[in-house]
Amino acid sequence: MPSISIISFSPFERHHVLLCELDDTMFIVDCGWAIENYENIQSADNKGRTSKGTVANPRDALSSINWARVDFILISNYEQMTLLPYITEYTEFAGPVYATEPTKAYGRCVLEEGLWTTERSDSNTSDAHVGSSGSAERRQPLQVPYTQQDIVASMERITDVRHNEIITPVPFVRVYTRSSGYCIGGANWTVEYKNHRTAFISTSTLATCLHPQEWDGSVLSEAQVVVFCDAADPAELEESDAGGSAPNVHISQRIGQLCSTATAALKQRNRVLLIGEPYGVTQDILQLVAENVISLNLPLPQFVIVSPIAERTLQYGNIMGEWLCATKQALLYLPEYPFADKDLRQKGHLHFVRSLSQLATRNTPQGTWFVIASPHDSATINHFVRQWQQDARQCSSADMAGGTGTSRFSVLIHDDDVSRAQAIVNQISVGNEVKYVPVSKRMTHGNIEQVLASAVRAQHVLVPSFIRARLPAAAVGRFEFGLLEYSYLQATVIDLDTDRHLPLSIQREMTQQMKRDGKQHAIVSGKLSLSAGEIRLMREDSSNDTGDRNGLKSEPTLSNTRLQTSVTDQSTANKASIHAHYNLASWTPQRLISELSDVGLNATVVDGSSGTEPPLVQVSVAGGTATIRMQRGWAVDCTSVGTQWAVLDALRQVLKST
């Protein structure tokens, strides 16, 4: 029986490094790490689930992995690529890396921004700064385990994939993605091995009010094993949101608060500093603020974005239309751009500045400024706060008397990393108007309960230990599957049982009949028929027994277009037959074995039967075996119901493909 082993090598809630092993196949899901914290992992509120003495340096944390045995790497989104350059350039990993095209493009920008921030931090490590308490503190140097050349080389190792595109990285293993809804190109991976599907639910959102392509829930309905990687921290949410309120309402309200504050400040000709990454939610806020200003007939402010990557990240939104939500995709067929940044730049109201030094040399037009700075760029944030404070102090006495001298600018923060945002607030909030409204897109534990209702084939669901602690006991007992948890550096092994669920159409039919009969439990016998690619149940009625012991009608004569199967399970005497019309006369045992191996089943010719009539082919699957008698029509004897489903599904794939 195949099994899957999962070990988490990341101590952080937001970042994932999952080492997975399927029999002899080993792969990695995501390469995320909180680089800014790993030099001081024990700092407060860093969300690293570690204890004292735990290795925090990623080089040490990943040294226990035998990278020469890792077959491939799957990347879910651009936030989970931090360690990829180190893995591809400084370990023995030699396999392919799979990610969507936007993930590759945005991921390179994020890696380069991290490298740029590190270089700036290293140049200032000897400088002390005054914290909110007034005491002198020394900045903690940031380090990243890669160089610019490593980033370029690692990007060349990535193979671009599209959603729903099936990839075969190694024999008998197929992988494909579904949209996670979290960001442009965000993906949830499904790994299929010997007809068993394992879904990895990375950072995801159910919200449809943002610009990325919407969440695709089919990733759950197809899988026998579901692995969740993260969820929103309740500290990021209000009490009404933490329980699983509608994500559209939650996100729209938060973004609306920020845009209303910004518009009100611009209406009074005040300046605005928005602290956020130059992509994602920031792009939605920029769009809404521009639309609000235009609708109110206010003068357009000068939008200034200080970032070495902003120009590229905003452009990607306009050129990657197929990865956007349905509303944005509809704009691709109109003579306008999906986002406002293109029009703002053409009008001369959008300016990209790589750094403060470049800002000093730029001739930026005068007027009201709307500045966007990354939360990693403390130098830029401090520069504008100090400069605008100085300008406020130099206001006229009439302004000071009116109480407007210190409120000529507003600072807005939407970062959902509460600890990082709170550190920024504590640093600049003295004497300044700072509005912190966290916009958390990630699923809550309430959303996880909601989506698990669609996991109709799931037999096992794995969640990190911190998510398991947040799920109420009543919710856990509501589902039929086994709910397991995994922890940092602890292996979790799951046996991949054969999927014994009937098709949903048959389940619904049986449920409706039981309701009509007023029964809660029933034993149903009958025949399963395969017609037009659909499996149907022909129920037997015990009251209509007329001679045949089980109420079965006489079987037609076997022909070369008939496939018959029977189940001989010790626990039941019921039999099932499947009939389909295929040309079986030209098939040989060797051809059948070859075709079955292509779909992941192990098949052999039964010893001594090669010269007999008919030849016998034995198929081994999880939970039993099946023997195929290749006469004019094939007869398949299965040792269990679970074996029957696995073998019939494989035979159906083989016959349809030929």
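A quick note: this is a predicted structure, and the numbers were derived from the prediction, not measured. (Residues numbered from 1 in each chain as written. Predicted model: local features only at pLDDT ≥ 70, side-chain atom pairs only at ≥ 80, totals over all residues. Heavy atoms only, no water.)

### Some thoughts on the overall build of the chain
And step 1. The helix and strand inventory of the chain stands at 21 helices and 29 strands.
And step 2. When the accessible surface of the chain is split by element, carbon and sulfur atoms take 47% of a total near 29,200 Å². (Helix = DSSP H or I, 4+ residues; strand = E, 2+ residues; numbered from the N terminus. Areas by Shrake-Rupley, 256 points an atom, 1.4 Å probe, with all protein chains shown as cover.)

### Brief notes about the sheet that holds strand S8 (residues 158–161)
And step 1. Overall, mixed pairing links the 7 strands, which are arranged S8-S5-S4-S3-S2-S1-S22 in an open sheet. Looking at strand neighbours, the two that pair on one side only are S8 and strand S22 (492–495), the edges of this open sheet. On average, each strand axis in the sheet is tilted by 25° relative to the strand beside it, whichever way the strands run. (Pairing = 2+ DSSP bridges. Axes fitted to C-alpha atoms, helices over the stretch in contact; angles between N-to-C directions.)

### Describing helix H15 (residues 418–428)
And step 1. Those residues of H15 lying buried are Ala421, Ile424, Val425 and Ile428. Projected onto a plane normal to the axis of H15, the buried residues spread over an arc of 100° and lie on a single side.
And step 2. On its buried face, H15 is in contact with strand S14 (271–275), helix H13 (378–393), strand S18 (409–413) and strand S19 (433–436). (Buried < 20%, exposed > 50% of the residue type's maximum accessible area, 1.4 Å probe, protein only. Arc of directions from axis to C-beta. Contact = heavy atoms within 4.5 Å.)

### Section: the pairing of strand S27 (residues 616–621)
And step 1. Residues of S27 alternate between two faces, with Val617, Val619 and Val621 buried on one and Leu616, Gln618 and Ser620 left unburied on the opposite face.
And step 2. Note that strand S26 (residues 602–605) and S27 share 4 bridges and pair antiparallel. Paired with Val605 across the two strands is Val617, which belongs to S27.
And step 3. Pairing geometry for S27 and strand S28 (residues 624–630), over 6 bridges, is antiparallel. Note on S28: the bridge partner recorded for Gln618 is Thr627.

### A word on the nonpolar core
In globular proteins that are soluble, nonpolar side chains generally tend to be buried together.
And step 1. Ile73 and Ile87 are the most contacted members of the largest nonpolar core, which has 33 residues in total.
And step 2. Of all the elements in the fold, those that place two or more residues in this core are strand S3 (25–29), helix H2 (84–90), strand S5 (97–100), helix H3 (101–123) and helix H4 (148–156).
And step 3. A per-element tally of this core places H2 first, with 3 residues.
And step 4. Apart from residues no more than four positions distant in its own chain, Ile73 is found in contact with Ile28, Cys31, Leu84, Ile87, Phe93, Pro96, Val97 and Tyr98.
And step 5. Counting 32 residues, the second largest nonpolar core, distinct from the first, contains Ala207, Val281, Ile285 and Val289. (Core = buried A, V, L, I, M, F, W, Y, C linked by side-chain atoms within 4.5 Å.)

### With respect to the packing of H13 against H15
And step 1. Interhelical geometry of H13 versus H15 gives an angle of 30° and a closest axis separation of 11 Å. When the axes of H13 and H15 are compared, the pair comes out roughly parallel. Crossing hand, H13 versus H15: right-handed. Contacts between H13 and H15 involve Ile381, Asn382 and Val385 on the former and, on the latter, Ile424, Gln427 and Ile428.
And step 2. In terms of residue class, the contact of H13 with H15 is built from 4 nonpolar, 2 polar and no charged. (Parallel < 35°, antiparallel > 145°, perpendicular 65-115°, else oblique. Left-handed = near helix turned anticlockwise from the far one by under 90°. Nonpolar A, V, L, I, M, F, W, Y, C, P; charged D, E, K, R; others polar.)

### Notes on the sheet that holds S18
The strands making up a sheet associate through hydrogen bonds between their backbones, and the pairing can be parallel or antiparallel.
And step 1. With parallel pairing, 6 strands are arranged side by side in an open sheet as S16-S15-S17-S14-S18-S19. Looking along the sheet, the strands with just one partner apiece sit at the ends: strand S16 (350–353) and S19. Each adjacent strand pair in this sheet contributes to an overall mean axis angle of 20°, direction not counted.
And step 2. Direction of pairing for S14 relative to S18: parallel, over a ladder of 5 bridges. Bridge pairing links Leu273 to Val411 in S18.
And step 3. The strands touched by H15 within the sheet are S14, S18 and S19, with S19 carrying the most contacts at an inclination of about 170°.

### Thoughts on the pattern of salt bridges
And step 1. This model, assessed by the stated rule, comprises 15 salt bridges.
And step 2. A salt bridge links Asp416 to Arg14, with the shortest nitrogen-to-oxygen separation between them at 3.2 Å. Of this pair, Asp416 sits in the loop between S18 and H15 while Arg14 sits in the loop between strand S1 (3–8) and strand S2 (18–22), placing them 402 residues apart in sequence.
And step 3. A residue is classified by how much of its surface remains accessible, and Asp416, at 11% relative accessible area, is buried.
And step 4. In this structure, Arg178 and Asp216 form a salt bridge, with 3.9 Å as the shortest nitrogen-oxygen distance. Highlighted residues: Arg178 in strand S10 (residues 173–179) and Asp216 in the loop between strand S12 (196–201) and helix H5 (218–221), separated in sequence by 38 residues. (Salt bridge = Lys/Arg side-chain N within 4 Å of Asp/Glu carboxyl O.)

### Examining the environment of Val619
And step 1. Residue position: Val619 is located in strand S27.
And step 2. Through-space distance from the C-alpha of Val619 to that of Leu596 is 8.6 Å; in sequence the pair is 23 residues apart.
And step 3. If near-sequence neighbours (up to four positions away) are discounted, Val619 is found in contact with Leu596, Leu601, Asn602, Ala603, Gly624, Thr625, Ala626, Ile628 and Val647.

### Describing the confidence of the model for the chain
And step 1. Across the chain, the average pLDDT comes to 78, with 74% of residues at 70 or higher.
And step 2. Predicted confidence is poor over residues 125–142, with pLDDT under 50, and the contacts of this stretch with residues over four places away or in other chains come to 26 contacts. (pLDDT = per-residue confidence, 0-100.)

### A word on the packing of aromatic side chains
And step 1. Counting across every chain of the model gives 13 aromatic pairs.
And step 2. Arranged with centres 6.5 Å apart and planes meeting at 70°, the rings of Phe72 and Tyr98 form a pair that is edge-to-face. Here Phe72, found in strand S4 (residues 72–74), pairs with Tyr98, found in strand S5; they are 26 residues apart in sequence, far enough to count as distant.
And step 3. For the pair Trp369 and Phe384, a centre-to-centre distance of 6.5 Å together with 55° between the ring planes defines the contact as tilted. Within this pair, whereas Trp369 is found in strand S17 (residues 369–373), its partner Phe384 is found in helix H13, the two being separated by 15 residues in sequence.
And step 4. Residue classification places Phe384 among the buried positions, given a relative accessible area of 2%.
And step 5. Through successive ring pairs, a cluster of aromatic residues spans Phe27, Phe72, Tyr98 and Phe200.
And step 6. Seen from the ring of Tyr182, Lys441 lies directly overhead, with NZ or CZ sitting 4.3 Å from the centre.
And step 7. Between the NZ or CZ atom of Arg591 and the centre of the ring of Trp587, over which it lies, the distance is 3.8 Å. (Phe/Tyr/Trp six-rings, centres within 6.5 Å; stacked < 30°, edge-to-face > 60°. Lys NZ or Arg CZ within 6 Å of the ring centre and 35° of its normal.)

### Considerations on the side chain of Thr103
And step 1. Note on placement: Thr103 falls in helix H3.
And step 2. Reaching out from Thr103, the side chain makes a polar contact with the side chain of Thr100 at a distance of 2.8 Å.
And step 3. With residues near it in sequence (within four places) discarded, Thr103 still touches Ile75, Ser76, Asn77, Tyr78, Met81 and Gly185. (Polar contact = N/O pair within 3.5 Å; in protein donor to acceptor, adjacent residues only side chain to side chain.)

### Here we look at the environment of Leu286
And step 1. Tracing the sequence through the fold places Leu286 in helix H8 (residues 281–295).
And step 2. Separated by 12 residues in the primary sequence, Leu286 and Leu274 have C-alpha atoms spaced 9.5 Å apart.
And step 3. Once residues lying within four places of it in the same chain are set aside, the contact partners of Leu286 are Phe303, Leu314, Leu344 and Ile372.

### So, unusual backbone geometry
And step 1. Even without a glycine there, the phi angle at Asp23 is positive, about 50°.
And step 2. Tracing the backbone shows Asp23 in the loop between S2 and S3.
And step 3. Since its relative accessible area comes to 29%, Asp23 is described here as partly exposed.
And step 4. In this structure, Asn195 takes a positive phi of about 65° despite not being glycine.

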